[in-house]
Amino acid sequence: MLAAGTGITPMIQALHVVLGTKDDNTQVTLMYGSQSRESILAYEILEQWSDQCKDQLEVIHVLSREEGSSWTGERGHIRSELIEKYCPPAEAEVLFFVCGPPGMYESLCGPRNEPQELKGVLAEMGYTAAQVVKF
């Protein structure tokens, strides 16, 4: 899952189903971009789920405006280096859910209103349109 800002909303809904379904062992990595620690929406529930479901859910926060702070997590924007670091390669059985502001779509996968087309970082990394769901 690649989300930014209010794009976390459909991800929370999907996580609620996946994590709440007995015998569903889907492995989920959520990379969530926010401006600052204070602007992370649903931080408490994401941390709770991450703690309770360590074998199933990994949450990576990526903050773009934390210069000079004590933040020790990822900084900047969701980009190829982070996708490569935390997500399975294109050859793996992988499905990306993407939701965020227009600039995020342009950078990562192409416009939201073009669901059958894949552009941007994910295409450059070898993923296919069938592996990406744009919310």
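Each remark here, short or long, concerns the structure printed above.
In this text, all values refer to a predicted model and were calculated from it rather than measured experimentally. (Residues numbered from 1 in each chain as written. Predicted model: local features only at pLDDT ≥ 70, side-chain atom pairs only at ≥ 80, totals over all residues. Heavy atoms only, no water.)

Overview of the environment of Glu47
Heads up, the condition is: Secondary structure elements are defined from DSSP: runs of H or I of at least 4 residues count as helices, runs of E of at least 2 residues count as strands, and each element is numbered from the N terminus. Throughout, exposure labels follow a simple rule: accessible area from a 1.4 Å probe, protein chains only, divided by the maximum for the residue type, with under 20% read as buried, over 50% as exposed, and the rest as partly exposed.
Relative to the assigned elements, Glu47 resides in helix 2 (residues 43-52). Of the residues examined, Glu47 reaches a relative accessible area of 24% and is grouped as partly exposed. Distance from Glu47 to Val59, taken between C-alpha atoms, is 7.7 Å for residues 12 residues apart in sequence.

Considering helix 2
Just so we agree on the cut-off: What the arc measures is the spread of directions leading from the helix axis to the C-beta atoms. Residue contacts are counted whenever heavy atoms from the two residues lie within 4.5 Å of one another.
Of the positions making up helix 2, those classed as buried are Tyr43, Leu46, Trp49 and Ser50. All buried residues of helix 2 lie within an arc of 135° about the axis, which places them on one face of the element. In helix 2, those exposed residues whose orientation departs by more than 90 degrees from the buried face are Glu44 and Gln52. Turning to helix 2, the residues buried within the fold contact helix 1 (8-20), strand 2 (28-34) and strand 3 (57-63).

Overview of the layout of surface pockets
Here is the rule we go by: Of the two site types, the cavity is a set of points on a 1 Å grid over the protein atoms alone where a 1.4 Å probe fits but cannot get out, and the pocket is an open set with protein on both sides within 12 Å along at least five of seven lines, each lined by residues with an atom within 4 Å of a point. Grid points are joined across faces, edges and corners, and a volume is the space filled by probe spheres set on the points. Each residue gets one label: Ala, Val, Leu, Ile, Met, Phe, Trp, Tyr, Cys and Pro are nonpolar, Asp, Glu, Lys and Arg are charged, and the others, such as Gly, are polar.
If you add up the space inside the largest pocket, you get close to 370 Å³. Around the largest pocket, the lining comprises 14 residues; the ones closest to its centre are Thr26, Gln27, Val28, Thr29 and Leu95. Where the lining of the largest pocket is concerned, the elements lending two or more residues are helix 1, strand 2 and strand 5 (96-99). Looking at the lining of the largest pocket residue by residue, the classes come out as 10 nonpolar, 3 polar and 1 charged. Put simply, the second largest pocket is a space of about 280 Å³. In terms of lining, the second largest pocket is formed by 16 residues, of which the most central are Ala4, Gly33, Ser34, His77 and Pro101. Only strand 2 and helix 4 (102-108) provide two or more residues apiece to the lining of the second largest pocket. The greatest single-element share of the lining of the second largest pocket, amounting to 4 residues, is contributed by helix 4. Residue composition of the lining of the second largest pocket, by class: 6 nonpolar, 10 polar and no charged.

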